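Structural features, examined
Take a look at the letters that make up each chain.
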Amino acid sequence: MKKIIFTEKAPAPIGPYNQAVLSGNTLYASGQIAINPTSGELVTDNINDETKQVMENIAAILEAADMSFENVVKATIFIMDMNNFAAINTVYGSYFDEKTAPARETVQVACLPKNVNVEISIIAVQ
């Protein structure tokens, strides 16, 4: 069985997918970009603010599933420019305890939805 996870504290899906799906005790969250869920506007003024908005969107989804960043076991980061890696990594890292941080990969891609600079997806386990 799967349970659809939705919260108004994260951006509504912009296609045929859900914010997250809980299957058993595992949460699969769709990739999040820097859409402010209140205004619907993109937060792309600078890479730090953009990454922070992405992480806050993930936090809201985790909260809706009664989880936190401590439950995250895997993350995937898609970035447009590897030169932004250090800044993205600093913001991303501030949401985790380094000793228990999840497995992760970071991939530079040619393009992301709405031409954003970063998209992050996670898998979490209760």
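This one's a predicted model, so the numbers in the text were calculated from it and none came from an experiment.

Some points on the sheet that holds strand β4 (residues 72-79)
- Reading across from one edge, β1-β2-β3-β6-β4-β5 is the order of the six strands in this open sheet, with mixed pairing throughout. The sheet terminates laterally at β1 (2-5) and β5 (103-108), the two strands that pair on one side only. Taken over all neighbouring pairs, the strand axes of this sheet differ in orientation by 15° on average, direction set aside.
- Relative to strand β6 (residues 118-125), β4 is paired through seven bridges, and the arrangement is antiparallel. The residue of β6 that forms the bridge with lysine 74 is isoleucine 123.

A few points about the side chain of threonine 7
- Note that threonine 7 resides in the loop between β1 and β2 (20-23).
- The class for threonine 7 is buried, based on a relative accessible area of 12%.
- At 3.0 Å, the side chain of threonine 7 and the backbone nitrogen of lysine 9 are in polar contact.
- Ignoring any residue separated from it by four or fewer positions in sequence, one finds threonine 7 in contact with Gln19, Ala60, Ile61 and Ala64.

A word on the pairing of β2
- Along β2, the buried face is formed by Ala20 and Leu22; none of Val21 and Ser23, which line the opposite face, is buried.
- The pairing of β1 with β2 spans four bridges and is antiparallel. Directly across from lysine 3, in β2, lies its bridge partner leucine 22.
- Inspection of the sheet shows β2 paired to strand β3 (residues 26-32) by four bridges, in the antiparallel sense. Across the sheet, serine 23 pairs through a bridge with threonine 26, a residue of β3.
- In textbook terms, the turn of a hairpin is the stretch between consecutive antiparallel strands, and for β2 and β3 this stretch comprises two residues, one of which, glycine 24, has a positive phi near 65°.

The rules behind the values
Residues numbered from 1 in each chain as written. Predicted model: local features only at pLDDT ≥ 70, side-chain atom pairs only at ≥ 80, totals over all residues. Heavy atoms only, no water. Pairing = 2+ DSSP bridges. Helix = DSSP H or I, 4+ residues; strand = E, 2+ residues; numbered from the N terminus. Axes fitted to C-alpha atoms, helices over the stretch in contact; angles between N-to-C directions. Buried < 20%, exposed > 50% of the residue type's maximum accessible area, 1.4 Å probe, protein only. Polar contact = N/O pair within 3.5 Å; in protein donor to acceptor, adjacent residues only side chain to side chain. Contact = heavy atoms within 4.5 Å.

These figures capture arrangement, not role.
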